Amino acid sequence: MKKFFQFDELGTNYRREFIGGLTTFLSMAYILFVNPNTLAMTSIPDLPDAMRMDTGAIFTATAIAAAVGSLLMGLIAKYPIALAPGMGLNAFFSFTVVLTMGVPWQTALSGVLVSGVIFILLTLTGLREKIINSIPAELKFAVSAGIGLFITFVGFQNAGIIVNNDATLVSLGDFTNPQTLLAIFGIFVTVILMVRGVKGGIFYGMLITAIVGMATSQIAVPDKVVGAIPSLAPTFGQAFMNLDQIFTIQMLVVILTFLFVDFFDTAGTLVGVANQAGLMKDNKLPRAGKALFADSAATVVGSILGTSTTTSYVESSAGVAAGARSGFASVVTAILFLLALFFSPLLGVITSAVTAPALIIVGALMVASLGQIDWNRFEIAVPAFLTIITMPLAYSIATGIAVGFIFYPITMMMKGKAKEIHPVMYGLFVIFILYFIFLA
């Protein structure tokens, strides 16, 4: 085992890897409860049942997808990087694809499945790197920051901090509402934990908020903590049922968005965490193909089980900081996700007031990429800004990407830099123009 994971070469041991894997799990365990609430859109009370997914099935799918993805990453790529259904992508799945576009969640899962299969093919053929390199870095950073703002906006809504206003569209909510006060308390607690550098600060922030909610009778106390594993039956295999409905421009845009966001989210996480762990060789990522395969295979598995795109988690950096250097840490994280399957009764405790702080803090972490954009170049600043601001204002990640990718070729050509635009960007320009013509 030590030889397989190259413990001696990496200067690590079982204890360091176990602590690293445990730290990573605690840092991302919040997804077990946030993902079911996000995909089921539990924060929207009057939503028809047909548009909702079963929270219990999503909980199980989330845990298994995270376990499978982390296990593949640990055994095949041998990296201390864990995977789970991605934040941002789950919000896009629910609030843009299902709620705004009116796509049935079964068809949306088909879109995730297809994007995962395409991801695998692009990885095996080596085309993935070429496509990534064709899109300017500033737009990649803008997409990440825009998703961060979108997630934060959703968190503020779920908390009741931001509410609808017929005169101004949005305004501050009722700060005397106990649920809103509980969410605000959770934000303060989570921020303090994160500032103090507490490993798993988001998870512990949710835990403390839930306990305070139960103590103040704002959250019902569960009758048990450990229970039977929720059935996957409501969501399992649904991704296959509506495959014949994905051949539309609308679903093409959806699939491209799933693919695009996962592309760069994964690439950024792999490079960032591997660099932190000192695993980069000559500024290149060893076994990159295997790591990307693990990520895309996990997306396919997750979609079949019944969850949105599974991706590499930047929270793995917490595990690396705690000592993880090999794939054994990812195996530990995978096992912990499987053990978490038995704690489904806690789902009822994790209300919108409890998950809202997690959404807001994750959004704050994602907008850090704003600093990587050259705002002094107006031809870059305009498409980047429009990408970022359109996502929360239009309540659509896909629309934000479309607007930015339309303006980029225009501003670059007007600046006399048409030769710097990759042909792929012209292709995306046409696709997104068609998106607005037929879907707007």
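What you see is a predicted model, and the numbers here were worked out from it, not measured in a lab. (Residues numbered from 1 in each chain as written. Predicted model: local features only at pLDDT ≥ 70, side-chain atom pairs only at ≥ 80, totals over all residues. Heavy atoms only, no water.)

A. Here's a closer look at the overall build of the protein. Tallying secondary structure elements over the protein gives 19 helices and four strands in all. In summary, the protein has a C-alpha radius of gyration of 21 Å against a globular reference of 22 Å for 440 residues, a match within 12%. Its C-alpha atoms give the protein principal-axis dimensions of roughly 65 × 65 × 45 Å. The buried share of the protein, taken over its 440 residues, is 57%. Taking as baseline every contact in the protein between residues at least 6 positions apart, the subset at least 24 positions apart corresponds to 80%. Of the roughly 18,000 Å² of accessible surface on the protein, 67% is carried by carbon and sulfur atoms. (Helix = DSSP H or I, 4+ residues; strand = E, 2+ residues; numbered from the N terminus. Rg over C-alpha atoms; globule rule 2.2 N^0.38 Å. Buried < 20%, exposed > 50% of the residue type's maximum accessible area, 1.4 Å probe, protein only. Contact = heavy atoms within 4.5 Å. Areas by Shrake-Rupley, 256 points an atom, 1.4 Å probe, with all protein chains shown as cover.)

B. Structural context of the pairing of strand S3 (residues 169-172). Two elements, strand S2 (residues 162-165) and S3, share four bridges in a ladder whose sense is antiparallel. Bridging from a neighbouring strand, Val-163 pairs with Ser-171 of S3. Between S2 and S3, which pair antiparallel one after the other, the connecting turn spans three residues. (Pairing = 2+ DSSP bridges.)

C. Geometry of the layout of surface pockets. Here the second largest pocket defines a volume of roughly 440 Å³. For the second largest pocket, the lining is made up of 20 residues, of which Phe-33, Phe-203, Leu-207, Phe-343 and Leu-346 are closest to its centre. Listing elements by their share of the lining of the second largest pocket, those giving two or more residues are helix H2 (14-28), helix H3 (31-39), helix H10 (201-215) and helix H15 (327-339). Of all the elements, H10 adds the most residues to the lining of the second largest pocket, at six residues. For the lining of the second largest pocket, the residue count by class is 20 nonpolar, no polar and no charged. (1 Å grid on protein atoms, 1.4 Å probe; cavity = no way out; pocket = protein on both sides within 12 Å on 5 of 7 lines; lining within 4 Å. Points joined across faces, edges and corners; volume = space filled by probe spheres on them. Nonpolar A, V, L, I, M, F, W, Y, C, P; charged D, E, K, R; others polar.)

D. Just helix H5 (residues 89-100), in detail. Within H5, ten of the twelve residues are buried, which leaves it mostly tucked inside the rest of the structure. Inspection of H5 places Leu-89, Asn-90, Ala-91, Phe-92, Phe-93, Ser-94, Phe-95, Thr-96, Val-97 and Val-98 among the buried residues, and these make up the whole buried set.

E. Representation of empty space enclosed by the protein in the model. Evaluated as defined, the whole model comprises two cavities of 30 Å³ or more. Looking at the largest cavity, its volume works out to about 100 Å³. Lining the largest cavity are 16 residues, and of these Thr-38, Phe-95, Val-154, Asn-158 and Leu-359 sit closest to its centre. Elements with a contribution of two residues or more to the lining of the largest cavity: H3, H5, helix H8 (137-159) and helix H16 (352-366). When its residues are assigned to classes, the lining of the largest cavity shows seven nonpolar, nine polar and no charged. Of the voids in this model, the second largest cavity is the one considered here, and its volume is about 30 Å³. Lining the second largest cavity are Gly-20, Gly-21, Thr-24, Pro-80, Ile-81, Ala-82, Ala-324, Ala-329, Ser-330 and Thr-333.

F. Looking closely at a nonpolar patch on the surface. Where nonpolar side chains cluster on the molecular surface, the patch consists of Val-225, Val-226, Ile-229, Phe-342 and Phe-343 and spans about 410 Å² of accessible area. Relative to the helices and strands, Val-225 is located in the loop between H10 and helix H11 (238-241). (Patch = residues over 30% accessible without salt bridge, like charges linked within 9 Å, V, L, I, M, F, W, Y side chains within 5 Å. Salt bridge = Lys/Arg side-chain N within 4 Å of Asp/Glu carboxyl O.)

G. Quick look at unusual backbone geometry. Even without a glycine there, the phi angle at Gln-6 is positive, about 60°. Mapping Gln-6 onto the fold places it in the segment before helix H1 (7-10). Positive phi values are uncommon outside glycine, yet Leu-169 reaches one of about 75°.

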